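Below are the chains, spelled out letter by letter.
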Amino acid sequence: MLFRLLVLFAAALCVPFASPAQAQQFQPGSTYICPNNPDTGLDCYLDAVVHLYTMCRHVKSIEIIEFGHAKAQEGVNGAKSEYCVDKQKINITRPYQAALREATGWREAVDSLRTLQQFWLESMANLKWRAGEPGDLYEDRVIHAYDELGFKIDAVRVSFSTPPDAAAKGAAPKAKPKAADAAKGK
């Protein structure tokens, strides 16, 4: 019995532990968050914005079917979709951060990613039905988000077609020489 405990203890010491920094890094391959393209952080993020929006849209659709447009937000009726939005905001964080890291050096790409993220957050918040809004206008509004997401995803991809910014390549302008160095050069 004691021997077994010692063997288990020794085996536990041999298992490498991940540092907190490693545990927080994005690991490509998450089929839950980005089921169609999980290879890189950028690919995962661009896949995830549409996929996670769709997941919450489906949850909201179920609430509308169950309670109707007007009552889908009353009391606890909207709790599932609210939870979905909160959960997906957390789920998209690592792919978004990984995409930003991969875009380092492409200022236009970083700006396009930030624009896409802001639009995604607004679209998730706008999944709620607005009081007095006809059902067909609600459906048009939440479906129109797919068109905008597509345009913004294309803008991100196009922004990577240009060379990285010169400053990111290490070609930053040289600093002016200090006064003492300038005097020695004369």
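Residues numbered from 1 in each chain as written. Predicted model: local features only at pLDDT ≥ 70, side-chain atom pairs only at ≥ 80, totals over all residues. Heavy atoms only, no water.

So, the state of the cysteines
In total, this model carries two disulfides according to the counting rule given. Here Cys56 connects covalently by a disulfide to Cys84, the sulfurs 2.2 Å from one another. Taking the sign of the S-S torsion, about -95° here, the bridge from Cys56 to Cys84 comes out left-handed. Taken as a pair, Cys56 in helix H3 (residues 41-67) and Cys84 in helix H4 (residues 79-91) lie far apart in primary sequence, 28 residues in all. Assigned by exposure class, Cys56 and Cys84 land together as buried. Take the cysteines of the chain that form disulfides and number them in order along the sequence; they join up as 1-2, 3-4. (Disulfide = S-S within 2.5 Å. Helix = DSSP H or I, 4+ residues; strand = E, 2+ residues; numbered from the N terminus. Buried < 20%, exposed > 50% of the residue type's maximum accessible area, 1.4 Å probe, protein only.)

Focus: the confidence of the model for the chain
Low pLDDT marks regions whose predicted coordinates should not be analysed in detail. Summarising the model, the chain shows a mean pLDDT of 79, and 73% of its residues fall at 70 or more. The weakest mean pLDDT in the chain belongs to helix H8 (residues 179-184) at 41; the strongest belongs to helix H6 (residues 107-125) at 96. Counting interchain partners and residues more than four positions distant, the pLDDT-below-50 stretch residues 5-24 has five contacts. Low confidence marks residues 170-186, where pLDDT is under 50. Its contacts with residues over four positions away, or in another chain, come to two contacts. (pLDDT = per-residue confidence, 0-100. Contact = heavy atoms within 4.5 Å.)

With respect to the nonpolar core
With 36 residues, the main nonpolar core has Tyr45, Leu46, Tyr53, Leu113, Leu116 and Trp120 as its most contacted residues. Going through the elements one at a time, H3, H4, helix H5 (93-102), H6 and helix H7 (135-159) are the ones with two or more residues in this core. In terms of residues, this core owes the most to one element, H3, which gives 10 residues. Once residues lying within four places of it in the same chain are set aside, the contact partners of Trp120 are Val49, Leu52, Tyr53, Gln88, Lys89, Ile92 and Leu149. (Core = buried A, V, L, I, M, F, W, Y, C linked by side-chain atoms within 4.5 Å.)

Here we look at H4
Taking 1.5 Å as the rise per residue, H4 with 13 residues should run 18 Å; its terminal C-alpha atoms sit 18 Å apart, in good agreement. Listed as buried for H4 are Ser81, Cys84, Val85, Gln88 and Asn91. All buried residues of H4 lie within an arc of 125° about the axis, which places them on one face of the element. Set apart from the buried face of H4 by more than 90 degrees, the exposed residues are Tyr83 and Ile90. (Expected span 1.5 Å × (residues − 1). Arc of directions from axis to C-beta.)

Considering the environment of Glu66
With respect to the helices and strands, Glu66 occurs in helix H3. Note: C-alpha distance between Glu66 and Asn77 (11 residues apart in sequence) is 9.0 Å.

So, the packing of H6 against H7
Their axes nearest at 8 Å, the elements H6 and H7 cross at an angle of 165°. On the basis of their axis angle, the class for H6 and H7 is roughly antiparallel. Handedness of the crossing formed by H6 with H7: left-handed. Residues Glu108, Ala109, Ser112, Leu113, Thr115, Leu116, Phe119, Trp120 and Ser123 of H6 pack against Ala145, Glu148, Leu149, Lys152, Ile153, Ala155, Val156 and Ser159 of H7. Its residues assigned to classes, the contact of H6 with H7 comprises 10 nonpolar, four polar and three charged. (Axes fitted to C-alpha atoms, helices over the stretch in contact; angles between N-to-C directions. Parallel < 35°, antiparallel > 145°, perpendicular 65-115°, else oblique. Left-handed = near helix turned anticlockwise from the far one by under 90°. Nonpolar A, V, L, I, M, F, W, Y, C, P; charged D, E, K, R; others polar.)

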